[in-house]
Each structure stands twice: as structure tokens, then as C-alpha cells.
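# Results of the structural survey
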Amino acid sequence: MKLLSLIFLTSLVLSCSGTKSVVNNTKKPTPKPTPKTEENGSVANSNTEVIKITDTLYVPDSNEEIEIIEKPILNAEENVPEVFNHNILNNLLKAYVSEAGNVSYKDLKKNHKLLLSYIEQLGKNIPNNAWSKEEKLAYWINAYNAMTIDLILRHYPVKSIKDIKNPWQQRYWKLGEKWYNLDEIEHDILRKMNEPRIHFAIVCASYSCPKLQNEAFNASNLEAQLTNATNEFLSDPERNAISVNNLELSKIFQWFAKDFKQNGSLIDFLNRYSKVEISQNAKKHFKDYSWDLNE
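As a starting point, this report considers the structure included with it. (Residues numbered from 1 in each chain as written. Predicted model: local features only at pLDDT ≥ 70, side-chain atom pairs only at ≥ 80, totals over all residues. Heavy atoms only, no water.)

### Observations concerning the sheet that holds strand E8 (residues 283–286)
Counted only if it meets this: Pairing between strands requires that DSSP locate at least two bridges from one strand to the other. The helix and strand labels rest on DSSP assignments: H or I over at least four residues marks a helix, E over at least two residues marks a strand, and numbering proceeds from the N terminus.
In space, the 3 strands of this open sheet follow the order E6-E7-E8, with mixed pairing throughout. Bordering the open sheet on either side are strand E6 (241–242) and E8, each of which pairs with just one other strand. Sheet analysis places strand E7 (residues 246–249) next to E8, joined by 4 bridges and oriented parallel. Looking at the pairing, Glu248 lines up with His285 of E8.

What follows is the structure, encoded as C-alpha cells:
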């Protein structure tokens, strides 16, 4: 029995020493560093390689496995909702105003109540000091256009806005605690905001006016919308004929000359948006203005 016990103990020692030998000869795996989270939401390893977070938190073993996937972080401002929703007006304009700016007043009259509901919403959401300039401009431009359409629908059928008695002095619209007319919105509010391009955005329901855009103005896209309206008006040969040395311009540039000279001459203003480089000595003439209804 003693001999058997000795043989067993000897085998056990040899077995353990063999296992130990195997363990000692095996290279221990290098632990992966804990990823460091950067402020921008990406992950950086100890070698400062940046790994964009996609749908997994798997950290590659080598640089060869790293695939940089560019997913730009959204600008927070792009996700900020409009301070006032102009969707009702936008939908009406898309439905009843052509690409050329012609208005189907006859058909729009069937949805007059919807337009009035939009104006009522305007009245409950007057701009305040917390609104940005773009938000205020979009609000008052849309208000002017919506009210002009309402004015026409109240008297339709008419051949011209001038068939309506004192059209720009009528106080049909209550915003907040005050009743407004179109003259006040244009001259006392919009023109004082030092943005001359409003003259190509607000429309007096007449043929010689800039065309009524078939979308509402909005703060997030206002710069592009105003620039587009200006470019379209200047490039329309029915409203303006522009060449290097001769200008046949809309009377809008005569009536509101002061507004277009805030940062230089009228020609300086025109050259910012015209496809033609106009001479400072170009001769100016102003076209007759047609007040026929824009339908």
C-alpha cells in the first residue's frame, strides 16, 4: 500500500508540474484598453485612432479592421422647430398658386375659411423680443401675403386690387390686441427691418408685382428664399430688362429707392443679384405698372 501511495503522489506532482510548464510557456493576451469617450461622441483608443460609433461597440484588434464611417453630427439649430408653424399657408399656396405666381382665386375661395383660420392663428402668436429677426420677417411677410389674398377673396370677383376702395387701408385683421392694415405691415414693420428684399417677397395681387411664391416663407430657409425671389424678379423681362448700359426697371425701384441704397447705390444693389455686370453710368427708365389681378 505504501508503494502504491508513493506512485500516486509522484504522478500527481508530475502532472501539476507539466501543467505549470504549459501555462508558463503560453503568452498572456494583451488586455484591450478601455475605450475613451470623446466630447463629440466618438471613441478614441490609446493610440488616438478615432473610431466612429455606428451600431456596435466592438473595438478592432488592428488598424486594418478600422473602417471610418462619416456620420456628421446634426447641427442642433437644424432641429429647432419654427417658432410659428406656417404649414396652413404653405399648403394653400402650393395648391392654388402656379410656378409662375398666378393665383386661382376662384378655387381658393372654396378654402377661404382655412385661410382665415391661419390668419386667426397669426393673431394669437404675435412676434416678441425672443423671436429672431428671421422669424419675425417670415411671420410678417406671410401675414402680408395671406391678408392680401384674403382682401381679394372678400371682394372677388375683381379685375384689380384697385377696384377695392382703399385696399391698403382696410383694417380687417386683428393680431393680438390691434387691428392692422397692409400699409402698416409694409411701411411701419417690414421696411423698418432693413431688408430691402422684402419688396420681392410681399405681393400686392397685381401682374407687375413680383410673383407670389407658391410656398410660405420660413425662418430656417429665409435667406435662400429672399435671394431666390430677388433673382427671379430681376431676371423676369416682363418686370425688368437689364443690360450693361441700360435699365428698364420696375417702379418698385423708384417708389422705394431709399430702401435699395442702404449699402451703396441702386446699381450696387442690382449688381449683387443681376446676371449682368451693370455699369455705374447705366441709364435708368421705369416701366409702366400693371395693376391687373395676378390670376
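Next comes the rest of the write-up.
### Looking at helix H6 (residues 182–190)
Since the α-helix turns once every 3.6 residues, residues separated by three or four places project in the same direction. We count it as follows: Partly exposed describes any residue whose relative accessible area lies between the buried limit of under 20% and the exposed limit of over 50%, with all areas from a 1.4 Å probe on protein chains only and scaled to the type maximum. Contacts are residue-level and defined by heavy atoms, with any inter-residue pair within 4.5 Å sufficient. N or O atoms closer than or at 3.5 Å make up a polar contact, with two conditions inside protein: a donor-capable atom paired with an acceptor-capable one, and, for residues adjacent in sequence, both atoms drawn from side chains.
By the burial criterion, the buried members of H6 are Leu182, Glu184, Ile185, Glu186, Ile189 and Leu190. Each element contacted by the buried residues of H6 is listed here: helix H5 (133–155), strand E4 (173–175) and strand E5 (178–180). Looking at where H6 begins, the residue whose side-chain oxygen comes 3.2 Å from the main-chain nitrogen of Asp183 is Asn181.

### Overview of the packing of aromatic side chains
We count it as follows: Side-chain rings of Phe, Tyr and Trp (the six-membered ring for Trp) are treated as a pair once their centres are within 6.5 Å; stacked means planes under 30 degrees apart, edge-to-face means over 60, and tilted covers the remaining angles. Each ring is checked for a lysine NZ or an arginine CZ that lies within 6 Å of its centre and within 35 degrees of its normal; such an atom marks a charge sitting over the ring.
One pass over the structure, following the stated rule, counts 19 aromatic pairs. Here Phe200 and Phe253 contribute two aromatic rings whose centre-to-centre distance is 5.7 Å and whose plane-to-plane angle is 45°, an arrangement assigned as tilted. Of this pair, Phe200 sits in the loop between H6 and helix H7 (222–234) while Phe253 sits in helix H8 (residues 252–255), placing them 53 residues apart in sequence. Each of the two residues, Phe200 as well as Phe253, counts as buried. Members of the aromatic cluster, joined through ring pairs, are Phe84, Tyr118, Trp131, Tyr139, Trp140 and Tyr180. For Lys178, the ring lying beneath its charged end belongs to Tyr180, and the centroid distance is 4.9 Å. Taking the ring centre of Tyr207 as reference, the NZ or CZ of Arg239 above it sits at 4.4 Å.

### Side note on the pattern of salt bridges
Which entries qualify depends on this criterion: Salt-bridge detection follows one rule: a side-chain nitrogen of Lys or Arg within 4 Å of a carboxyl oxygen of Asp or Glu.
This model, assessed by the stated rule, comprises 11 salt bridges. When the shortest N-O distance is used, the salt bridge between Asp107 and Lys110 registers 3.7 Å. With relative accessibility at 67%, the residue Lys110 sits in the exposed group. For Arg171, the salt bridge identified is with Glu184, shortest N-O distance 2.7 Å.

### Thoughts on helix H9 (residues 266–273)
In terms of burial, H9 is a largely internal element, 6 of the 8 residues being buried. What H9 keeps buried is the set Leu266, Ile267, Phe269, Leu270, Asn271 and Tyr273. Residues of H9 that are buried make contact with H7, E7, H8 and E8.

### Quick look at the packing of helix H2 (residues 87–96) against helix H4 (residues 112–123)
In helix packing, the relevant descriptors are the interaxial angle and the interaxial distance, both defined with respect to the helix axes. Under the convention used in this document: Angles here are taken between N-to-C directions and fall from 0 to 180 degrees, while the axes themselves are lines fitted to C-alpha atoms, restricted in helices to the stretch in contact. The scheme is simple: roughly parallel for angles under 35 degrees, roughly antiparallel for over 145, roughly perpendicular for 65 to 115, oblique for anything else. Left-handed is the label given to a crossing in which the near helix is rotated counterclockwise from the far helix by less than a right angle, and right-handed is the label when the rotation is clockwise.
Between H2 and H4, the least distance of the axes is 9 Å, while the angle of their chain directions is 150°. Here H2 is positioned roughly antiparallel relative to H4, judged by the angle of their axes. Seen from above, H2 lies across H4 with left-handed handedness. Residues Ile88, Leu89 and Leu92 of H2 form the contact with H4, whose own contacting residues are Leu114, Leu115, Ser117, Tyr118 and Gln121.

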